[in-house]
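Residues per chain are reported as follows:
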Amino acid sequence: MRTLTLSRNDLILLAGYTLVVLGGPIIMAPLGAGYPDLLQKFVIFGIFAVGFNILFGLTGYLSFGHAAFLGIGSYTAVWSFKLLTMNPLPAIVLATLLGGLFAAVIGYICLRRTGIYFSILTLAFAQMSYNLAYSVLTPITNGETGLQLVQSDPRILDAAAGRDYGAVLPSSDLFGIPMNGYPGFYFCGVVSIVCFYLAIRIFRSPFGLMLRAIKSNQNRLNYTGLNTQPYALAAFVVSGMYAGLAGGLLAVVDPLAGAERMQWTASGEVVLMTILGGAGTLLGPVIGAGVIKYFENIFSAFNEGILMAAFDFLPEPIQHLMVNVTSLFVGEGWHLTLGALFMVIVIFLPGGLMEGFNRLSALVAGIVRGRRDGASARGA
Amino acid sequence: MDAILLQILNGLDKGGAYALIALGLTITFGTLGVVNFAHGALFMLGAFCAVSVKALLSLEQVTEDATQLTAWGTPLEVRVPYVESWFGDFGTVLLDYSVPVSILVAIPVMLLIGVVMERGLIRFFYKRPHADQILVTFGLAIVLQEIVKGAFGANPIPQPAPDVAKGMIDFGVAVGMDAGNVVYPMWRLVYFLFSVAVIAGVFAFLQFTTFGMVVRAGMADRETVGLLGIDVDRRFTIVFGIAAMVAGLAGLMYTPILSPDYHMGMDFLVLSFVVVVVGGMGSLPGAVAAGFLLGILQSFASMNEVKSILPGIDQIIIYLIAVIILLVRPRGLMGRKGVMEH
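About the cut-offs
- Within each chain, residues carry numbers counting from 1 in the order of the written sequence.
- Chain letters and ligand numbers both follow the written order, the letters beginning at A and the numbers at 1.
- Given that this is a predicted model, residues contribute local features only at a pLDDT of at least 70 and side-chain atom pairs are listed and counted only at 80 or more, while totals for whole chains, interfaces and linings are drawn from all residues.
- Each side-chain value is derived from all of the structure's non-hydrogen atoms; neither hydrogens nor water enter the calculation.
- Helix and strand assignments come from DSSP, with helices taken as H or I runs of at least 4 residues and strands as E runs of at least 2, each series counted from the N terminus.
- For this measure, only C-alpha atoms enter the radius of gyration; the expected value for a globule follows 2.2 Å times N^0.38, where N is the number of residues.
- Only heavy atoms matter for contacts: two residues are in contact if any of them lie within 4.5 Å across the pair.
- Surface exposure here means Shrake-Rupley accessible area, sampled with a 1.4 Å probe, where a residue is shielded only by the protein chains that are shown.
- Positive residues here are Lys and Arg, negative ones are Asp and Glu, while His and the chain termini are left out of the count.
- A charge is said to be at NZ when it belongs to Lys, at CZ for Arg, at CG for Asp and at CD for Glu.
- Between the N-to-C directions of two axes lies an angle of 0 to 180 degrees, each axis being a line fitted to C-alpha atoms and, for a helix, fitted only over the stretch in contact.
- Roughly parallel means an angle under 35 degrees; roughly antiparallel means over 145; roughly perpendicular covers 65 to 115; every other angle is labelled oblique.
- Ten residues, namely Ala, Val, Leu, Ile, Met, Phe, Trp, Tyr, Cys and Pro, are considered nonpolar, four, namely Asp, Glu, Lys and Arg, are considered charged, and the remaining ones, Gly among them, are considered polar.
- Summed over both partners, the accessible area (1.4 Å probe) lost when two parts come together is defined as the buried area.
- The term salt bridge refers to a pairing of a side-chain nitrogen on Lys or Arg with a carboxyl oxygen on Asp or Glu at a separation within 4 Å.
- In protein, a polar contact means a hydrogen-donor-capable atom and an acceptor-capable atom, both N or O and within 3.5 Å, with residues adjacent in sequence counting only if both atoms are side-chain atoms; elsewhere, any N or O pair within 3.5 Å suffices.
- Confidence of the prediction at every residue is given by pLDDT, a number between 0 and 100.
- For patch building, the residue pool is restricted to those with more than 30% relative accessible area and no salt bridge; the joining distance is 9 Å between like charges and 5 Å between nonpolar side chains (Val, Leu, Ile, Met, Phe, Trp, Tyr).
- Partly exposed describes any residue whose relative accessible area lies between the buried limit of under 20% and the exposed limit of over 50%, with all areas from a 1.4 Å probe on protein chains only and scaled to the type maximum.
- Only protein atoms enter the 1 Å grid used here, on which a cavity is any set of points holding a 1.4 Å probe that cannot leave and a pocket is any open set flanked by protein within 12 Å on both sides along at least five of seven lines; residues with an atom within 4 Å of a point are listed as lining.
- Grid points are joined across faces, edges and corners, and a volume is the space filled by probe spheres set on the points.
- To define a nonpolar core, start from buried Ala, Val, Leu, Ile, Met, Phe, Trp, Tyr and Cys residues and group those joined through side-chain atoms within 4.5 Å.
- The term disulfide is used for any two cysteine sulfur atoms that are within 2.5 Å.
- Here, the arc refers to the directions that run from the helix axis to the C-beta atoms.

**So, the overall build of chain B**
- Scanning chain B from N- to C-terminus turns up 15 helices and four strands.
- A compact globule built from 342 residues would reach a C-alpha radius of gyration of about 20 Å, and chain B, at 22 Å, matches this within 12%.
- Its C-alpha atoms give chain B principal-axis dimensions of roughly 75 × 50 × 35 Å.
- For chain B, the share of sequence-separated contacts (at least 6 apart) that also reach a separation of at least 24 residues comes to 71%.
- For chain B, the accessible area works out to roughly 14,900 Å², and carbon and sulfur atoms hold 66% of it.
- A gap of 15 Å separates the mean positions of the 19 positive and 24 negative side-chain charges of chain B.

**Side note on the packing of helix H3 (residues 36–59) of chain A against helix H13 (residues 264–277) of chain A**
All names here are of chain A.
- Packing of H3 against H13 brings their axes to within 9 Å, and their N-to-C directions diverge by 80°. Between H3 and H13, the angle falls in the class roughly perpendicular. Contacts from Phe45, Phe48, Ala49, Phe52, Asn53 and Phe56 in H3 reach Glu269, Val270, Val271, Met273, Thr274 and Ile275 in H13.
- A breakdown of the residues in the contact of H3 with H13 according to their chemical character gives nine nonpolar, two polar and one charged.

**Considerations on the interface of chain B and chain A**
- With 41 residues of chain B at the contact, the number on the chain A side is 36 residues.
- A per-residue breakdown of the area chain B buries against chain A is headed by Leu135, Phe138 and Tyr319 of chain B, which together make up 17% of the total.
- For the pair chain B and chain A, the number of links is zero salt bridges.
- The interface formed by chain B and chain A includes one residue pair in polar contact (both at pLDDT 80 or more).
- With 14 residues, helix H6 (residues 130–152) of chain B is the largest single contributor of residues to the side of chain B that touches chain A.
- Residue classes in the side of chain B that touches chain A are distributed as 30 nonpolar, five polar and six charged.

**Considering the confidence of the model for chain A**
- Taken as a whole, chain A shows an average pLDDT of 83; of its residues, 93% reach a score of 70 or greater.
- Within chain A, helix H15 (residues 304–310) of chain A has the poorest average pLDDT of any element, 69, and helix H12 (residues 229–253) of chain A the best, 92.

**Considering a nonpolar patch on the surface**
All names here are of chain A.
- Taken together, the side chains of Leu22, Tyr182, Tyr186, Val190, Val194 and Leu198 present a nonpolar region at the surface, about 480 Å² in accessible area.
- With five residues, the single largest contributor to the nonpolar patch is helix H9 (residues 181–204).
- Structurally, tyrosine 182 can be placed in helix H9.
- Overall, tyrosine 182 belongs to the partly exposed group, its relative accessible area being 33%.

**Things to note about the pattern of salt bridges**
- Considering all chains together, one arrives at nine salt bridges over all chains under this definition.
- Put simply, lysine 293 of chain A and glutamate 296 of chain A hold a salt bridge, and the shortest N to O gap is 2.8 Å. Here lysine 293 of chain A and its partner glutamate 296 of chain A are both found in helix H14 (residues 284–301), three residues apart, which amounts to about one turn of the helix.
- A relative accessible area of 5% means that lysine 293 of chain A is categorised as buried.
- Its salt-bridge partner being arginine 188 of chain B, residue aspartate 13 of chain B comes within 3.2 Å of it at the nearest N-O pair. With aspartate 13 of chain B in helix H1 (residues 2–32) and arginine 188 of chain B in helix H8 (residues 186–208), this residue pair connects regions lying 175 residues apart in the sequence.
- A relative accessible area of 25% places arginine 188 of chain B in the partly exposed class.

**Regarding the side chain of threonine 59 of chain A**
All names here are of chain A.
- As for its position among the elements, threonine 59 is in helix H3.
- Since its relative accessible area comes to 4%, threonine 59 is described here as buried.
- Not counting chain neighbours up to four residues away, the residues in contact with threonine 59 comprise Ile54, Leu211, Ile214, Lys215 and Ala235.

**Here we look at empty space enclosed by the protein**
- According to the stated counting rule, one finds two cavities of 30 Å³ or more in the structure shown.
- Its boundaries defined by the atoms lining it, the largest cavity holds a volume of some 50 Å³.
- Lining the largest cavity are Ile27, Val202, Phe205, Leu206, Val239, Ile242 and Ala243 of chain B.
- Going through the elements one at a time, H8 and helix H11 (232–254) of chain B are the ones with two or more residues in the lining of the largest cavity.
- Class assignment of the residues belonging to the lining of the largest cavity gives a composition of seven nonpolar, no polar and no charged.
- Taken as a whole, the second largest cavity holds about 40 Å³ of empty space.
- Among the secondary structure elements, those contributing two or more residues to the lining of the second largest cavity are helix H4 (67–83) and helix H6 (115–134) of chain A.
- The biggest single contributor to the lining of the second largest cavity is H6 of chain A, with three residues.

**Examining the nonpolar core**
- Leu62, Phe64, Leu249 and Trp264 of chain A together with Phe37 of chain B are the most contacted members of the largest nonpolar core, which totals 215 residues.
- Val53, Leu57, Val83 and Leu95 of chain B belong to the second-largest nonpolar core, a separate cluster that totals five residues.

**Section: the confidence of the model for chain B**
- Across chain B, the average pLDDT comes to 82, with 94% of residues at 70 or higher.
- Quick note on the complex model: pTM equals 0.83, ipTM equals 0.78.

**A closer look at the state of the cysteines**
All names here are of chain A.
- Evaluation of the coordinates by the stated rule reveals zero disulfides over all chains.
- Cysteine 188 supplies the cysteine sulfur nearest to cysteine 195, a cysteine that is in no disulfide, at a spacing of 10 Å.
- The exposure class of cysteine 195 is buried, given its relative accessible area of 6%.

**A look at helix H10 (residues 206–216) of chain A**
All names here are of chain A.
- Those residues of H10 that fall on the buried side of the exposure criterion are Gly208, Met210, Leu211 and Ile214. Buried residues in H10, looked at end-on, bunch into an arc of 160°, giving them a common side. Across from the buried face of H10, at angles greater than 90 degrees, the exposed residues are Pro206, Leu209 and Ser216.

**Focus: the packing of H3 of chain A against H12 of chain A**
Residues and elements named next belong to chain A.
- The geometry of H3 relative to H12 is characterised by a closest axis approach of 9 Å and an angle of 170° between their N-to-C directions. In terms of axis orientation, H3 runs roughly antiparallel to H12. Within the contact between the two elements, H3 uses Gln40, Ile44, Phe45, Ile47, Phe48, Val50, Gly51, Phe52, Ile54, Leu55 and Thr59 and H12 uses Ala232, Ala235, Phe236, Val238, Ser239, Tyr242, Ala243, Leu245, Ala246, Leu249, Leu250 and Val253.
- Here the contact of H3 with H12 is composed, by residue class, of 19 nonpolar, four polar and no charged.

The structure is reproduced here in structure tokens:
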């Protein structure tokens, strides 16, 4: 029987990840990102991207509809707050399960085709969920306004436990610890560490190997008499559960759910996170999610005043020109930067930042070795 | 009976738009083997060709007429578009027909955009996996969208149809029914006829010209055509330009029906992909047939009688059909074996 232990390298990886997450507020402070709202986003979208990577990075199936599961997770969590209790645990468990359930249904249909057909089908399903959430399902999703908590929600379990929130709008809390600010971040952080551990396990398991085999040559697997469908479906469901969990956590730290979370540009964003970091690597998607959320935060905050100040050292006409050009890319125009980044990464660095790091370290190692060889040659 | 006829008519213009976009997508799949997620952005760019032409034509000359005073006692400002002061009545007509006139501008512009896109970006992705093609064109679509948003703003910009085609047409009378039963906006009929004409033009071009013959041969077996000493790449570049032009014209003529904004392309793109899948990847007649079919089905689904039985069906009918088709006929209506299977 395989034990639950990890190899030494994986242990170091997990320990490193744990350290960075738990020490996040201190480590990120010099970058100007040491505040809970942003840190929460880092870990939540990290979970989303890690889960997406289990599907895309391992099996090579490019889903363009994962935001649907994120949205479903958020709606589920908010409903759990409304109907059951303000405790986040049932909320995220239900969000994960429902995300997985929807992934099983959608995956069963979409996985009948591969390649582009698969991408288009998942895209169609996500768009369908988005349309439904906006129109017919308004009783469940509250349409354009978004699903919100109200004071008069039943909250059966809380009521049974004799808990009364009084006249204020309740916020989620874990046995009395409110889930906003740093406690919320640490809650998400611990969940993300567990998720990361599970991802390592999946990567190293025979199941993970099978998924990689699907990516490298599905035909050959079929010829050996293996039905790849169940494996791909399992990967799809797992990644759907990760997405549902991430959506649930988004609702935990801010009890709101809106349909725009399901839009296909949101699906595109998680794809970008994964390839920016490096699809198929363990750490890549987390890094990608962090980088994108970090720059989104920084770039969207820029406005003309800040830009004017930044280009203050230039002569006035050039200053105005620079401000006009750069303001296209920041603030409201953040999406332009995102799109351009998307293209640059796919064109020049298809392996993502992880590949960049590897190339860089290989280069450095090569230079060091070259020097040593040169020195020894001179010595001889 | 007349209700059914009206719904079919209602579906035709939307179906025409789907068919035109799906046609371009299919041509790009078939010739270059590239999945172009930026095709919807080309549709949108075409629409904004009409917006730009309209804006240019209606540049106004402002003169102050000292003989007339406004209610505030200032001299009345007389605004006359330059085209009217230069060309007189012809200028007025030109302004009125700004949407059809902008076709003349859009054809070279869209061809150029298509060729630049293919030479500058797409050709580096022939040998890359489909996932990379999807991702890079997706990025390009976002960039194009945001540039248009930066230049024209985020709000829809309404474009009027020419006065002649603004009204309604009583279609029922034409087929021998009572007046007033099947009344239909004129421009939608124009759009349908236009889309049929463009589709016929593309098919004739591929079927009856030597260039088209080479392109069809290249779609079937690119390598062999290359071995015969024909520069396939060059022709495929032009084909990409034509696909871009078709998408652009589809968007341009659609502007009086739907006021263009920067994300109109994305909405159409997702549906057009579904159309392509339903029609069968790589099949041109399939794309056209599925485009009209889904357009008409969508308009039937938005009838109140249908919606009262199945609420929300109008929102999802196209996706639902796609799912059913793929479960029953995995290659789509007219897909062939071995075309874009991986």
